[in-house]
Amino acid sequence: MEPQHIAVIGSGAVGGVLAAAAHEAGHRVTACVRTPFEKLALDTPEGRQEVPAEIATAPDEVAGADWVLLSTKVQDVPGTEPWLRALDDGSAPIVLVHNGVEHRRSVAAFGLRGPLLPALIYVAAERTRPGHVIRRSGARMFVEGGALGARFAALLAGSGVRIEEAEDFRTAAWRKMLVNIAANPITALTLRRLDVLDSPEVRELASGVLAEAVAVANAEGAALSWSDAEAVLDGYTKTFSADSGTSMLYDRLAGLPTEHDHITGPVVAGGREHGIPTPYNRTLLTLLRALRPAS
Ligand SMILES: NC(=O)C1=CN([C@@H]2O[C@H](COP(=O)(O)OP(=O)(O)OC[C@H]3O[C@@H](n4cnc5c(N)ncnc54)[C@H](OP(=O)(O)O)[C@@H]3O)[C@@H](O)[C@H]2O)C=CC1
Ligand SMILES: CC(C)(CO)C(=O)C(=O)O
């Protein structure tokens, strides 16, 4: 494939991993940043990766991208509107890489003209300071199945990120939700890494959180069962190293708002809508909303 110009909005943990993958696949990368930095570098299990991305600090510094990758926290998507307006030429695909189940909804208010591609990523990555990311696991993505998903897989072919098309993206998003629904709130509230889930008492709590999420996921049309939740519970410290945290923990450690309204929020709201009790998730949501970001 001819080298493409790829703009990454949100060059934190996931954006850093994606920028590195795009560079590895032979493309030109522009990082559209909120907090400026000079160089992007990743520490990975295979060693240090320097990413020669161009850095844009204002929307008028970037134009003409062939692809746009959006990878901020969901609550930060409204603030990216000026970048999206500058980059949305009606033909460049916009890849929405978030946790949760609100992919298209998160940008609906902008009325974007370009084709949208909802995406999920499985990776353990931590942004330690602007321009520096630690990736502690391999990276695997699921994108909505179809011609655009196939083009995106071809775009990043040759990078270390494995991309699969999900024919049933709703189920794929709720499956990923199961990975986050217990781990992210519990690590953020306890300020512990994923090894906190090895404790039998915490695992029991996580089981309750997951059982509610499976019931809501089913009511929302996702084809998941308790065995999917069990696989998640068994998988945390097998898939990710025990010293991995979660994106919500890292935000709390950095004194930033956490993504609870877009992870636990849809489970609680879905429970309310479908008449499914979600006491575990409601309790976690109440506690997360009551946390004060560090001043
Ligand atoms: N970290 C992980 O391992 C994983 C995260 N995810 C999901 O991926 C998504 C991104 O998370 P993650 O990468 O961890 O988050 P990070 O906080 O590491 O990165 C988000 C980045 O978005 C930037 N940003 C926010 N608002 C704007 C804006 N208006 N313009 C430009 N940049 C902006 C932030 O800038 P600033 O530097 O100023 O803060 C930050 O660099 C989330 O939905 C998360 O749940 C999914 C799988 C794994
Ligand atoms: C899968 C996991 C837990 C990996 O870091 C994640 O998605 C997150 O941190 O938000």
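What you see is a predicted model, and the numbers here were worked out from it, not measured in a lab.

**Looking at the sheet that holds strand 8 (residues 116–122)**
Okay, so step 1: Read across the open sheet, the eight strands follow the order 5-2-1-6-7-8-11-12; overall the sheet is mixed. At either end of the open sheet lies a strand with only one pairing partner, and these are strand 5 (54–56) and strand 12 (161–166). Neighbour to neighbour, the strand axes of the sheet diverge by 25 degrees on average, direction disregarded.
Okay, so step 2: Packing of helix 5 (residues 169–190) onto the sheet brings it into contact with strand 8, strand 11 (139–144) and strand 12, and relative to strand 8 it is tilted by some 35 degrees.

**Comments concerning the pattern of salt bridges**
Should the charged atoms of two oppositely charged side chains come close, the side chains can pair.
Okay, so step 1: All told, the structure shown has 17 salt bridges when counted by the stated rule.
Okay, so step 2: For Arg34, the salt bridge identified is with Asp76, shortest N-O distance 4.0 Å. Separated by 42 residues along the polypeptide, Arg34 in the loop between strand 2 (28–32) and strand 3 (40–44) and Asp76 in the loop between strand 6 (67–70) and helix 2 (81–87) bring together distant segments of the chain.
Okay, so step 3: Note that Arg136 is salt-bridged to Glu126, the shortest N-O span being 2.8 Å.

**Looking at the sheet that holds strand 10 (residues 132–135)**
Okay, so step 1: If you trace the four strands from one edge of the open sheet to the other, you get 4-3-10-9, paired in mixed fashion. For this open sheet the edge positions go to strand 4 (47–51) and strand 9 (125–129), each flanked by a neighbour on one side alone. Sheet twist, expressed as the mean angle between neighbouring strand axes with direction ignored, is 25 degrees.
Okay, so step 2: For strand 9 and strand 10, the ladder comprises four bridges, and the chain directions are antiparallel.

**Quick word on the site of ligand 1**
Okay, so step 1: Around ligand 1, 28 residues are found, and the nearest of them are Val14, Thr35, Asn99, Arg127 and Glu259.
Okay, so step 2: A distance of 3.1 Å is found between an oxygen atom of ligand 1 and a backbone nitrogen or oxygen belonging to Val123.
Okay, so step 3: In isolation ligand 1 exposes 900 Å². Once the protein is present, 93% of that is buried.
Okay, so step 4: Secondary structure elements with two or more residues in the shell around ligand 1: helix 1 (13–24), strand 9 and helix 8 (247–253).
Okay, so step 5: Looking at the shell around ligand 1 residue by residue, the classes come out as 10 nonpolar, 11 polar and seven charged.

**A look at the UniProt feature "domain: Ketopantoate reductase N-terminal" (unreviewed entry) in the chain**
Okay, so step 1: This chain's UniProt record puts "domain: Ketopantoate reductase N-terminal" (unreviewed entry) on residues 6–140.
Okay, so step 2: As a span, residues 6–140 carries 18% helix and 36% strand, and end to end its C-alpha atoms are 19 Å apart.

**So, the site of ligand 2**
Okay, so step 1: Around ligand 2, the neighbouring residues are Asn99, Val123, Ala124, Lys176, Val179, Asn180, Asn184, Phe240, Gly245, Thr246 and Ser247.
Okay, so step 2: Between ligand 2 and the protein, one listed contact pairs an oxygen atom with a side-chain N or O atom of Asn99 at 2.9 Å.
Okay, so step 3: Lys176 is positioned such that a nitrogen or oxygen atom in its side chain is 2.8 Å from an oxygen atom of ligand 2.
Okay, so step 4: Within the complex, 96% of the 280 Å² of free accessible area of ligand 2 lies under protein.
Okay, so step 5: Residue classes in the shell around ligand 2 are distributed as four nonpolar, six polar and one charged.

Cut-offs and rules
- Residues numbered from 1 in each chain as written.
- Chains lettered and ligands numbered in written order.
- Predicted model: local features only at pLDDT ≥ 70, side-chain atom pairs only at ≥ 80, totals over all residues.
- Heavy atoms only, no water.
- Pairing = 2+ DSSP bridges.
- Helix = DSSP H or I, 4+ residues; strand = E, 2+ residues; numbered from the N terminus.
- Axes fitted to C-alpha atoms, helices over the stretch in contact; angles between N-to-C directions.
- Contact = heavy atoms within 4.5 Å.
- Salt bridge = Lys/Arg side-chain N within 4 Å of Asp/Glu carboxyl O.
- Near = heavy atom within 4 Å.
- Polar contact = N/O pair within 3.5 Å; in protein donor to acceptor, adjacent residues only side chain to side chain.
- Areas by Shrake-Rupley, 256 points an atom, 1.4 Å probe, with all protein chains shown as cover.
- Nonpolar A, V, L, I, M, F, W, Y, C, P; charged D, E, K, R; others polar.
- UniProt positions renumbered as here; feature names shortened; annotations may be inferred.

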